[in-house]
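Results of the structural survey
Letter by letter, the chains look like this.
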Amino acid sequence: MTAQPAAAAARATVYGYPRQGQHRELKKAVEGYWKGRVTADALRRTAAELRRTNWRRLADAGVHEVPTGDFSYYDHVLDTSVMVGAVPARHRGALTADPLDGYFAMARGTQDVAPLEMTKWFDTNYHYLVPELGPDTVFRADSTKQVLELEEALALGLTARPVLVGPVTYLLLAKPAPGVAPDFEPLTLLDRLLPVYAEVLADLRAAGAEWVQLDEPALVQDRTPADLNAAARAYRDLGGLTARPKLLVASYFDRLGDALPVLAKAPVEGLALDFTERAAGNLDDLAAVGGLRAKRLVAGVVNGRNIWINDYEKSLATLGTLLGLADRVDVAASCSLLHVPLDATAERDVDPQIARWLAFAQQKTTEIVTLAKGLAQGTGAITAELAANRADLASRAGSPLTHDPAVRARTAAVTDADGRRSLPYAERTAAQRSHLGLPLLPTTTIGSFPQTGELRTARADLRARRLDTAGYEERIKDEIREVIAFQEKAGIDVLVHGEPERNDMVQYFAEQLTGYLATQHGWVQSYGTRYVRPPVLAGDISRPEPMTVRWTAYAQSLTERPVKGMLTGPVTMLAWSFVRDDQPLGDTARQVALALRDEVDDLEAAGTSVIQVDEPALRETLPLRSADHADYLDWATESFRLTTSGVRPATQIHTHMCYAEFGDIVQAIDDLDADVISLEAARSHMQVARELAAHGYPREAGPGVYDIHSPRVPSAEEAVTLLRKGLEAIPAERLWVNPDCGLKTRGWPETRASLENLVAAAREVRSGLTSHNA
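Residues numbered from 1 in each chain as written. Predicted model: local features only at pLDDT ≥ 70, side-chain atom pairs only at ≥ 80, totals over all residues. Heavy atoms only, no water.

**Considering the overall build of the protein**
In terms of helices and strands, the protein carries 28 helices and 20 strands. C-alpha extents for the protein along the principal axes are approximately 80 × 60 × 50 Å. Residue burial in the protein is summarised as follows: out of 774 residues, 62% are buried. Relative to all contacts within the protein whose residues are 6 or more apart in sequence, the contacts with residues 24 or more apart total 80%. Of the accessible surface of the protein, which amounts to about 28200 Å², a share of 51% is contributed by carbon and sulfur atoms. Distance between charge centres in the protein, computed from 84 positive and 103 negative side chains, equals 3 Å. (Helix = DSSP H or I, 4+ residues; strand = E, 2+ residues; numbered from the N terminus. Buried < 20%, exposed > 50% of the residue type's maximum accessible area, 1.4 Å probe, protein only. Contact = heavy atoms within 4.5 Å. Areas by Shrake-Rupley, 256 points an atom, 1.4 Å probe, with all protein chains shown as cover. Lys, Arg positive; Asp, Glu negative; His and termini not counted. Charge placed at Lys NZ, Arg CZ, Asp CG, Glu CD.)

Structure below.
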């Protein structure tokens, strides 16, 4: 195919860029500030230098318009709350006294003040801080951050476009503040919020902004007529302002559907749409509304959420079609590049053949620039790039890594019976209670214990060969002995070995499965200063040998109490990896499930009576549109059951989920057929317990009573209050007591105190129940 030159030269842009820096400088500076080792001025200087480095890197690559405002110390939604003055009353004093400390208190809490709730950003593994709003919320504009960062970019001589969370998405992401009626709709505050956005837009225009991008990803979800009317009103009002920059309304992660004609008619100058595979319907929908005459279209044809190279010819074909649907077509990634690592060339240990298939943020930027050049000048201008791209795509398609006949034959032989327990829950629960002998309101933790500096040093020393394998394993044994001893002393009923040998709950398993590869520098922000290195799921999956049995069995040898075997479930293994895009996700999930099934069977054979298969990503991976839910939930729940259904009735299967909205997948949680589920509930005040009760969930559940994403130590009284709320929804004989999530990121002093308070709370409530029954 030959793309003809566009009438107006196509330009390259991006919506956002990784924040952390080449060596995670931002993480180190922020955590140093929290610990008092870095001053506020030094932190600000580090942040400014990271922004300048990113902008220069983008400009040097050929990006014509760089984003500003996408940088954040912690979270861009939290930044928006500060921008519009939506600060909870409990944090206003701190924010006024010291804006930086007050900002971090909203994110992390303090010993005396709870933070904002945290949940997943649509169906990604990025976490945002949920705005708390109510009928009394008063918005006030504070465009300081947005103006400052724009001025920094303009001072470098760059063309810059501020990027803001749009007003409709901001309100749709918000929740009623504590004490506000749960049926309060934050979107009713739109007319109160729009003047604040108008003031911010005016400030940015005065500072030199020609364009401002307003991100409205919430509009790609199923939206009610009222939601769509609100979007129409918002952009009618903002578009009608006189003192404003040009407006680019951006959506991503899926097709806009019914919201597309609303935005196409709005008096704004441009739209940014996702045209990758999951949002391919945008192309036909755009044609159906007659295109975007007299508007700018920014076409997201490079996948901003995965790390595989772009198919240039396919993208150019899409772009060529779009030239007939808009007066100006620019090229971008499908979303912010926040969701991918920085630079694939830093991965020195990746097989050179596989390295050809990888594109991180820097490589995606090059792809965007190349496609813009091809669109503007014709494919003759990028002949060499097209030839190299075709060769790289062919290399991947023909690789034996992506096709293992044995794995494919085993997967094809799976039957419905392989995904069903031998007895229904109502019958096997009696066998489990008899076998385990647990008290009412049994206590446990989610799996991990603090990853101390000594553990990280030992792991680094092993990699650097300063410590031999025997010495490292002794260090791991010491840690397991300490964890088991503490849990026994604290009075916890079902123990864990603490996972000291594990670097990450997905990466640890990925490194032991064929078909996966791990990165050394592929860091991606999960929340705040928490960065993860998602492994790359590149080929067919199998398990060469046991992965967890040795350490679980060692921990069990130290105690008479049950020790849980801990595994990461197949959906989460996909969701928190960069998954292959050359076959259906359900096929890949089935391969991973069979590999994990082997591990579950080996754990049981080694004497493990309680096995937890974590699926925290089950909800976050739910497609954004309800029409796609059934197919996803069918293969997702099947893959979990395939992992766990080979065990005996007396073996208790647990699962765990956290930091997501669960109300719309309660039936799927039921369909997992796990015996016990633990869920995040502390920040959301036991909302999930009420959702389970409303569904009539028949199994055991542990809604968390200890928020582990805050450094504060919750008192026993707080845990008692939460437990009593839990008992209003879940009968005592089916209620467990546990933290919200694993304790890997916490320190030992706060962990000890918090778990001791948790056990004390369980004992107090248990005693009250026993006395009442007597």
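After that view of the structure, there is still more to cover.
**A closer look at the environment of aspartate 416**
Take aspartate 416: it is sitting in the loop between helix 16 (405-412) and helix 17 (425-436). Among the residues examined, aspartate 416 registers a relative accessible area of 70% and is labelled exposed. Sequence-wise, aspartate 416 and leucine 513 are 97 residues apart; in three dimensions their C-alpha atoms are separated by 25 Å.

**Quick notes on the sheet that holds strand 20 (residues 700-703)**
On the basis of which strands lie adjacent, the open sheet formed by five strands has the order 16-17-18-19-20 and parallel pairing. Looking at strand neighbours, the two that pair on one side only are strand 16 (564-568) and strand 20, the edges of this open sheet. Ignoring strand direction, the axes of neighbouring strands in this sheet form an average angle of 20°. Relative to strand 19 (residues 676-679), strand 18 (residues 652-657) is paired through four bridges, and the arrangement is parallel. Across the sheet, the residue bridging to methionine 657 is leucine 679, located in strand 19. (Pairing = 2+ DSSP bridges. Axes fitted to C-alpha atoms, helices over the stretch in contact; angles between N-to-C directions.)

**Observations regarding unusual backbone geometry**
Backbone geometry places phenylalanine 253, a non-glycine residue, at a positive phi of 85°. Unlike most non-glycine residues, methionine 686 shows phi in positive territory, near 70°. Assignment of secondary structure puts methionine 686 in the loop between strand 19 and helix 26 (687-695). Look at methionine 686 and you get buried, because its relative accessible area is 1%.

**Comments concerning the packing of aromatic side chains**
Using the criterion set out here, one finds 16 aromatic pairs in the structure. Here phenylalanine 122 and phenylalanine 253 contribute two aromatic rings whose centre-to-centre distance is 5.9 Å and whose plane-to-plane angle is 50°, an arrangement assigned as tilted. Pair noted here: phenylalanine 122 is in the loop between strand 2 (118-120) and strand 3 (127-129) and phenylalanine 253 is in the loop between strand 8 (246-250) and helix 10 (259-265), with a separation of 131 residues, a long-range link. Grouping residues by exposure puts phenylalanine 122 and phenylalanine 253 together as buried. Aromatic pair phenylalanine 449 and phenylalanine 486: ring centres 6.3 Å apart, planes at 70°, arrangement edge-to-face. With a gap of 37 residues between them, phenylalanine 449 in the loop between helix 17 and helix 18 (453-463) and phenylalanine 486 in helix 19 (residues 469-490) connect regions that are remote in the sequence. (Phe/Tyr/Trp six-rings, centres within 6.5 Å; stacked < 30°, edge-to-face > 60°.)

**Details of the sheet that holds strand 11 (residues 326-333)**
Pairing is parallel in the open sheet, where seven strands are placed in the order 1-5-7-8-9-10-11. Of all the strands in the sheet, just strand 1 (66-68) and strand 11 have a single pairing partner and so form its edges. Going across the sheet, the axis of each strand differs from the next one's by a mean of 30°, ignoring polarity. Bridge analysis of strand 5 (residues 160-165) against strand 7 (residues 211-215) gives three bridges, and the strand direction is parallel. Bridge pairing links valine 165 to aspartate 215 in strand 7. Contacting strand 10 (292-302) and strand 11, helix 14 (residues 361-377) runs over the sheet at an angle of about 155° to strand 11.

**Topic: the pattern of salt bridges**
Here the structure, examined in full by the defined rule, presents 54 salt bridges. As a salt-bridge pair, glutamate 700 and arginine 433 come within 3.5 Å of each other at their nearest N and O atoms. One end of the pair, glutamate 700, is in strand 20; the other, arginine 433, is in helix 17, with 267 residues separating them in the sequence. For glutamate 700, a relative accessible area of 4% corresponds to the buried category. A relative accessible area of 40% places arginine 433 in the partly exposed class. (Salt bridge = Lys/Arg side-chain N within 4 Å of Asp/Glu carboxyl O.)

**Describing the side chain of threonine 519**
Topologically, threonine 519 is positioned in the loop between strand 12 (514-517) and strand 13 (524-527). Looking at threonine 519, its side chain comes within polar contact range of the main-chain nitrogen of glycine 522, at 3.2 Å. Excluding residues that lie within four positions of it along the chain, threonine 519 makes contacts with Glu347, Phe360, Arg533, Pro534 and Val536. (Polar contact = N/O pair within 3.5 Å; in protein donor to acceptor, adjacent residues only side chain to side chain.)

**Some points on the environment of alanine 59**
Mapped onto the secondary structure, alanine 59 falls in helix 2 (residues 40-61). For the pair alanine 59 and valine 350, spaced 291 residues apart in sequence, the C-alpha to C-alpha distance is 28 Å. Those residues in contact with alanine 59 that sit more than four places away from it in its chain are Val66 and Leu158.

**Digging into the packing of helix 23 (residues 585-605) against helix 24 (residues 629-644)**
Contact geometry of helix 23 with helix 24 gives a least axis separation of 7 Å together with a crossing angle of 20°. The angle between helix 23 and helix 24 places the two elements in the roughly parallel class. Where helix 23 crosses over helix 24, the handedness of that crossing is right-handed. Residues Leu585, Gly586, Ala589, Arg590, Ala593, Leu594, Leu596, Arg597 and Val600 of helix 23 form the contact with helix 24, whose participating residues are Trp635, Glu638, Ser639, Arg641, Leu642 and Thr643. Looking at the contact of helix 23 with helix 24, its residues break down into eight nonpolar, three polar and four charged. (Parallel < 35°, antiparallel > 145°, perpendicular 65-115°, else oblique. Left-handed = near helix turned anticlockwise from the far one by under 90°. Nonpolar A, V, L, I, M, F, W, Y, C, P; charged D, E, K, R; others polar.)

**Some remarks on empty space enclosed by the protein**
Counted by the stated rule, this structure contains five cavities of 30 Å³ or more. Reported here for the largest cavity is a volume of approximately 240 Å³. The wall of the largest cavity is formed by 23 residues, among which Arg19, Asp70, His76, Val163 and Asp215 lie closest to the centre. The leading source of residues in the lining of the largest cavity is helix 3 (residues 76-83), at four residues. (1 Å grid on protein atoms, 1.4 Å probe; cavity = no way out; pocket = protein on both sides within 12 Å on 5 of 7 lines; lining within 4 Å. Points joined across faces, edges and corners; volume = space filled by probe spheres on them.)

**Structural notes on the packing of helix 1 (residues 25-34) against helix 5 (residues 99-108)**
Interhelical geometry of helix 1 versus helix 5 gives an angle of 100° and a closest axis separation of 12 Å. Judged by the angle between their axes, helix 1 and helix 5 are roughly perpendicular. Of helix 5, the residues touching helix 1 (which contributes Val30, Tyr33 and Trp34) are Leu100, Asp101, Phe104 and Arg108. Classifying every residue of the contact of helix 1 with helix 5 by side-chain character gives five nonpolar, no polar and two charged.

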